[in-house]
Amino acid sequence: MFRIALLRPAFAQAGHASKLFNQTKTFASLAEEVRSDSTFHIPVVDFSKFRRARDKAEKKRSADEVVTAFKEVGFVYLKDHGISDEVVQNTFIKSADFFRLPSEAKAKLAWEDPRSNRGYVQQGRERVTQSSDPAEIAALRAKAPDSKESMEIGRDWDATWKNQWPQEKDVPGFKSTMLSFFQTCHELHVSVMSSVALGLGLHEEFFADKIQEQYHNLRLLSYPSIPVSALKEEGTARAGIHSDYGSLTFVFQDDVGGLEVQNPHSGKFHPATPIPGTIVVNVGDLLARWSNDVLRSTRHRVVGPSREKYGSLEMAPARQSIAFFCNPNGTAHISALPTCVSEKAPAKYDPVNTEQYIVRRLSDTYS
């Protein structure tokens, strides 16, 4: 049975999780703290302060916490975010039900086209990487494919691309659960982007008409149990080093662990230890481009669980996670925001179209 960190008692991850919570005492010193690996940490932000703010000043203070975390680390643990543990637990249960289907049943739902980005991805087909060289990616995939399988779900009302659903009798409640969760995550995306807008000195509703198409991707992930030795070979990982493509990513973890975040100052990777009740949220490439790199799209990976937690096990335990990749509208024109450019900081990137950018990145990633 899989274990969901979100449903365990607060501070169940003894020591380390408590330390992470204690490290949120001040955001003023965050820029200094993250430069050293000895004090690097992912901040924890209580998002209820933004959702329930009594006035604009209180809302702005909360928005500044979110944006400071995104500026300095690119990642944040979001707590009191408004998505209930019960909803998350049920989504994990339905995800596990899907991955227990026979291989031949899942293969009938196979991912086919980067423009669609929907369907089942068998283990070894994807190799996430920062490279855009097809030959290099093919070599990486052959040598060290990502050790995971996934199910990709997009907006269900799309006129061109359709989701690939298992039969209701095979996974009862799967479709309805995922569609509801997709909408719930979109609504949180709208709120977090409102906080980003305020934190960057824009009007709170600045992004509203640029994200309302729900051009997102819900990814269910299953990492099978694997020999620890297989994860120690050069270049191997459950998911290789990469940044995400869109605006924000919401990561829901079980309690196995393995997600690691790169300190942008030192290059060293640090564990994003599961903290009950939180969502790991990170900036994607398009939001970094939008902000002219004021906000960081930080590289990360998924490796085997820590030796501290599992000792000298020969087999790394199976892991589940759910990632909701938030994107701007497919037709959105992404160019540097007015509050993120100046004479001293001119625009770094040429404007891009959301759909074209994401399709190109997906085309590079999959075989």
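Above: the structure in question.
Right, let's walk through the structure included here. All residue numbers refer to position in the chain's written sequence, counted from 1. The predicted origin of the model limits local features to residues at a pLDDT of at least 70 and limits the giving and counting of side-chain atom pairs to 80 or more, whereas totals for whole chains, interfaces and linings rest on all residues. Water and hydrogen atoms were dropped before computing side-chain values, which therefore reflect all heavy atoms in the structure.

Some words on the state of the cysteines
Cysteine sulfur atoms that pair up within 2.5 Å are treated as a disulfide. This structure, assessed with the given rule, holds zero disulfides. As a non-bridged cysteine, Cys326 has Cys185 as the owner of its nearest cysteine sulfur, 7.3 Å distant.

Quick notes on helix α4 (residues 56-72)
Taking 1.5 Å per residue as the helical rise, α4 with its 17 residues ought to reach 24 Å, and the 24 Å between its terminal C-alpha atoms agrees with that figure. Per-residue accessibility, obtained with a 1.4 Å probe over protein chains only, is compared with the maximum for each type, and a residue is labelled buried under 20%, exposed over 50%, and partly exposed between these values. Strands here mean DSSP runs of E at least two residues long; helices mean DSSP runs of H or I at least four residues long; both are numbered from the N terminus. For α4, the complete set of buried residues consists of Glu58, Lys59, Ser62, Ala63, Glu65, Val66, Val67, Ala69, Phe70 and Glu72. After α4 finishes, the residue Gly74 shows a positive phi value of roughly 90 degrees. One less than the residue count of a helix, multiplied by 1.5 Å, gives the span that helix is expected to have.

Points about the sheet that holds strand β14 (residues 319-326)
Across the sheet, which stays open at both edges, the eight strands sit in the order β1-β2-β11-β8-β14-β5-β4-β3 with mixed pairing between neighbours. Lying at the two open borders of the sheet, with one neighbouring strand each, are β1 (44-46) and β3 (119-121). Each strand axis lies, on average, 25 degrees off the axis of its neighbour in the sheet, ignoring direction. Two strands qualify as a pair provided DSSP detects at least 2 bridges between them. When strand β2 (residues 75-79) meets strand β11 (residues 278-283), the two strands line up antiparallel, connected through five bridges. Within β11, the residue paired with Leu78 across the bridge is Ile279. A contact between two residues is defined here by any heavy atoms of the two lying within 4.5 Å. The axes used here are C-alpha line fits, helices contributing only the stretch in contact, and every angle between their N-to-C directions lies in the interval 0 to 180 degrees. Packing of α4 onto the sheet brings it into contact with β1, β2, β8 (248-253) and β11, and relative to β2 it is tilted by some 145 degrees. Running at roughly 110 degrees to β14, helix α5 (residues 85-99) makes contact with β3, β4 (149-153), β5 (217-223), β8 and β14 of the sheet.

Some points on the sheet that holds strand β10 (residues 269-271)
With respect to topology, four strands assemble into an open sheet ordered β7-β12-β9-β10, the strand pairing being antiparallel. On the outer flanks of this sheet lie β7 (239-242) and β10, each paired with one strand and no other. Each strand of the sheet is rotated relative to its neighbour by a mean of 20 degrees, with strand direction disregarded. Here strand β9 (residues 259-262) runs beside strand β12 (residues 300-302); their pairing, made up of three bridges, is antiparallel. Bridge pairing in β12 links Val261 to His300.

A short note on the nonpolar core
If you look at the biggest cluster of nonpolar residues, it comprises 63 residues, and the most contacted ones within it are Leu248, Phe250 and Phe252. Residue contributions to this core peak at 11 residues, all from helix α8 (residues 174-199). Nonpolar cores are built from buried Ala, Val, Leu, Ile, Met, Phe, Trp, Tyr and Cys residues. Side-chain atoms within 4.5 Å join them into one set. Phe75, Val261, Ile275 and Phe325 belong to the second largest nonpolar core, which has 20 residues in total.

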